[in-house]
Amino acid sequence: MKTILLSIVLLLFSTTAYCQVKLNSTTQDSLTPSQEQLLAESKSQKRTGLILLMGGIGLVIAGGATYEPNINAFGAAQFEEKDNTLPAVLAVAGLFSIIGGAVQLVTAKESKKKALSVFIHPERVPVPHTKGYLTTDVAPTVGLQITF
């Protein structure tokens, strides 16, 4: 029983220690994004954030420009109600666009920070041989430096 349990533990250890991420044959992308991918994603997110932010500001300005108040020049209320549905919709859509642009800009900053913290360095890993013993060999490893 001890032998079976020890064999299962060693098998699970060796499986987790020596498994590699299988690449998709069509895209050749791994599960962990590289520094270039993260920088490209950050640039794309920044561009999207700026477009949403500027578009939202434009929508809010357009909504304010097309708004027609129900008060005349002397301050007395008019009898006919003006339809201000379109200006309200433009202003609300602009506010949501501004919020979305701000979120994209913050995400772009975090992606860039994460891209600059990814590093590759050599590390010694155990390698099994066919004769039943383990040796250590140097292999490149990808790490993530977390800064507070």
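Residues numbered from 1 in each chain as written. Predicted model: local features only at pLDDT ≥ 70, side-chain atom pairs only at ≥ 80, totals over all residues. Heavy atoms only, no water.

Q: Account for the overall build of the chain, with residues named and values stated.
A: When helices and strands are tallied, the chain shows three helices and two strands. The secondary structure elements of the chain, listed N-terminal to C-terminal, are α-α-α-β-β. For the chain, the exposed surface amounts to about 12000 Å²; the carbon and sulfur share of it is 67%. (Helix = DSSP H or I, 4+ residues; strand = E, 2+ residues; numbered from the N terminus. Areas by Shrake-Rupley, 256 points an atom, 1.4 Å probe, with all protein chains shown as cover.)

Q: Describe the environment of serine 44, naming the residues involved and giving the relevant values.
A: Among the secondary structure elements, serine 44 is positioned in helix H2 (residues 35-65). You can call serine 44 partly exposed: its relative accessible area is 34%. Here the alpha-carbon distance between serine 44 and alanine 108, two residues 64 residues apart in the chain, equals 7.9 Å. (Buried < 20%, exposed > 50% of the residue type's maximum accessible area, 1.4 Å probe, protein only.)

Q: Let's hear about a nonpolar patch on the surface: which residues, and what values?
A: Together, Leu50, Met54, Ile57 and Ile61 make up an exposed nonpolar region whose accessible area comes to about 380 Å². Residue position: methionine 54 is located in helix H2. (Patch = residues over 30% accessible without salt bridge, like charges linked within 9 Å, V, L, I, M, F, W, Y side chains within 5 Å. Salt bridge = Lys/Arg side-chain N within 4 Å of Asp/Glu carboxyl O.)

Q: Report on the side chain of asparagine 84, specifying residues and quantitative values.
A: Looking at where asparagine 84 falls in the secondary structure, it is placed in the loop between H2 and helix H3 (85-117). Engagement of the side chain of asparagine 84 in a polar contact is seen with the backbone oxygen of glutamate 68, the distance being 2.9 Å. Not counting residues up to four positions away in its chain, the partners in contact with asparagine 84 are Thr66, Tyr67 and Glu68. (Polar contact = N/O pair within 3.5 Å; in protein donor to acceptor, adjacent residues only side chain to side chain. Contact = heavy atoms within 4.5 Å.)

Q: Would you mind going over the confidence of the model for the chain in detail, with residue names and values included?
A: Overall, the prediction assigns the chain a mean pLDDT of 77, with 70% of residues at 70 or greater. Highest mean pLDDT in the chain belongs to H2 (92); lowest belongs to helix H1 (residues 2-18) (66). (pLDDT = per-residue confidence, 0-100.)

Q: Residue-level account of H2, with values.
A: For H2, with 31 residues, the first-to-last C-alpha span of 45 Å sits near the 45 Å given by 1.5 Å per residue. Those residues of H2 that fall on the buried side of the exposure criterion are Leu38, Ser42, Gln45, Gly49, Gly56 and Gly63. (Expected span 1.5 Å × (residues − 1).)

Q: Run through the side chain of glutamine 45, naming residues and quoting values.
A: Following the sequence through the fold, glutamine 45 ends up in helix H2. A distance of 3.1 Å separates polar atoms of two side chains, one belonging to glutamine 45 and the other to serine 111. Sequence-distant contacts of glutamine 45, defined by excluding residues within four places in its chain, comprise Gln104, Thr107, Ala108 and Ser111.

Q: Please set out the environment of asparagine 84 residue by residue, giving values where relevant.
A: Residue classification places asparagine 84 among the buried positions, given a relative accessible area of 14%. Spatially, the C-alpha atoms of asparagine 84 and tyrosine 67 are 6.1 Å apart, while their sequence positions differ by 17 residues.

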